[in-house]
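Examining the three-dimensional arrangement
One letter stands for each residue in the lines below.
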Amino acid sequence: MRIINVKLGERSYRIIIGHRIISYVECHLQKLKFTQLQAVVLTNRSILSAHRDYISQGFKGVKNCHFIVLPATERTKSWEVLLRITRKIFSIENKGDIFLVAFGGGVIGDITGFCAAIYKRGIPYIQIPTTLLGMVDSGIGGKTAIDLEFGKNLMGAFYQPRLVFVDLKFLETLPLKEIKNGISEIVKYGIIIEREIFDLLEKRTSEILKFKPRQWFSLVTKCAKIKAEIVEKDELDNKGLRAILNFGHTIGHAVESAMDYVDISHGQAVALGMVTESILAEKFNMLSSSALARILNLIISLDILPRSKALPSSSKIISRLKYDKKARLGKLKFVLPVKIGKVKIVDAPSQKIIRESLQEAIRLCTR
Ligand SMILES: NC(=O)c1ccc[n+]([C@@H]2O[C@H](COP(=O)([O-])OP(=O)(O)OC[C@H]3O[C@@H](n4cnc5c(N)ncnc54)[C@H](O)[C@@H]3O)[C@@H](O)[C@H]2O)c1
Ligand SMILES: [Zn+2]
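Model, not experiment: these values are computed from the prediction.

At a minimum axis distance of 10 Å, the contact between helix H7 (residues 195–203) and helix H12 (residues 289–301) shows a crossing angle of 55°. Judged by the inter-axis angle, H7 sits oblique to H12. Crossing hand, H7 versus H12: left-handed. In this structure, H7 contributes Arg195, Phe198, Asp199, Leu201 and Glu202 to the contact, and H12 contributes Arg294, Ile295 and Leu298. By residue class, the composition of the contact of H7 with H12 is 4 nonpolar, no polar and 4 charged.

It is worth spelling out the pairing of strand S2 (residues 13–18) at this point. Here S2 lies mainly inside the structure; 5 of its 6 residues are buried. Note that strand S1 (residues 2–6) and S2 share 5 bridges and pair antiparallel. Bridging from a neighbouring strand, Arg2 pairs with Ile17 of S2. Hairpin connection, S1 to S2: the antiparallel pair is bridged by 6 residues, and Gly9 has positive phi, about 60°. One ladder, built from 5 bridges, connects S2 with strand S9 (residues 163–167); its direction is parallel. Looking at S9, one finds that Ile15 is bridged to Val164.

Rules used in this analysis
- Just so you know, the residues in each chain are numbered from 1, in the order the chain's sequence is written.
- Each chain gets a letter, beginning with A, and each ligand a number, beginning with 1, in the order they are written.
- Thresholds applied to this predicted model are a pLDDT of at least 70 for local features of residues and 80 or more for the giving and counting of side-chain atom pairs; totals over whole chains, interfaces and linings are not thresholded and use all residues.
- To obtain the side-chain values, all non-hydrogen atoms of the structure were included, while hydrogens and water were left out.
- Every axis in this analysis is a line fitted to C-alpha atoms, fitted for helices over the stretch in contact. Angles between the N-to-C directions lie between 0 and 180 degrees.
- Starting at the N terminus, helices and strands are each numbered in turn, a helix being any DSSP run of H or I of at least four residues and a strand any DSSP run of E of at least two.
- Oblique is the label for every angle not falling under 35 degrees (roughly parallel), over 145 degrees (roughly antiparallel), or within 65 to 115 degrees (roughly perpendicular).
- Take the far helix as your reference; a near helix turned counterclockwise from it by less than a right angle gives a left-handed crossing, and one turned clockwise gives a right-handed crossing.
- Contact between two residues is taken to exist if any of their heavy atoms lie within 4.5 Å; hydrogens are not considered.
- Gly counts as polar in this scheme, as do all residues outside two lists: the nonpolar Ala, Val, Leu, Ile, Met, Phe, Trp, Tyr, Cys and Pro, and the charged Asp, Glu, Lys and Arg.
- With a 1.4 Å probe rolled over the protein chains alone, any residue whose accessible area is under 20% of its type maximum counts as buried; one over 50% counts as exposed, and the rest are partly exposed.
- Two strands are said to pair when DSSP picks up at least two bridges between them.

Have a look at this one:
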């Protein structure tokens, strides 16, 4: 088991990482004085049916444990669902104070965190991520949000959890498609900051998709530590450091938006984004062609790219770039790799170069 401290002054918290560690939840809840409260666990049906007995062990010591089951799609991150949740928690609160538990992937994490941030001007919550993406990325850092009809994550708040409990056991039931979503973000960490992660992924490409839950320990710990360090230095994403986590996401979000978030997973869109943005970097002579070849080779070998048949045209994708919430005052930024393990933030290049890079990237999805 590994404990990572996220040092944010009075908002500091711990990330606990291990395999089959549910028996440790209670002592952490005691430390937080949450055992005097009622736990309201937000989750999806499939997660609850697979792990109800196991997760319930973690909340034996609290006053009451309630489950709220939400639909397992991105549409859950909406005002309507948020209102439904607040009605339920208001009635539960008759019996005593509560804390929320996000028990699921990024969708559950984001809406639970946002609900905790705004309900009664803030109630405590903890994250128990059940997807690989949640464990290495969305569960950590306190970015919470719901989507609006105009785009993803447009209504949100920075609101840190009080504890992040990463039990790799939950990966037992996670479908391969979802594992690949998490792998995309792990590749991202390798390119933006930690060459060692990239090397490890290269070395173990053929085994990684067959990893048993406990085999993820080292990679998940490395990524969680990186995310924690970035969040510590730039909690509110206004110092230009947290922005490096958007590598692959400027194009990736535009791809998801152009496809109305159907027939493409977040990880696939980010993989296509990372390929496009790496090609862009090479065109600018920022990235060597040998480093580009390694990036393309790893992403293709890990089979995390989308299939080209389903993809929209490059023009449609580019037209969605303007919806990106980072494009304030028309100043769209790109995070481009300069070598494996280092990126630079630059102003958006011309549409022509973006289009050419995107077209090359889309061609790589023809398999
Ligand atoms: N807040 C952040 O910092 C941040 C960062 C990255 C992504 N996100 C958000 O995260 C969301 C994507 O999250 P995600 O990729 O985790 O997907 P998700 O939450 O949609 O979960 C994917 C699917 O896997 C199922 N699932 C989850 N855990 C399972 C398990 N252990 N066993 C079986 N099935 C399981 C879910 O029910 C769902 O059907 C997006 O909304 C994105 O905007 C947020
Ligand atoms: Zn992402």
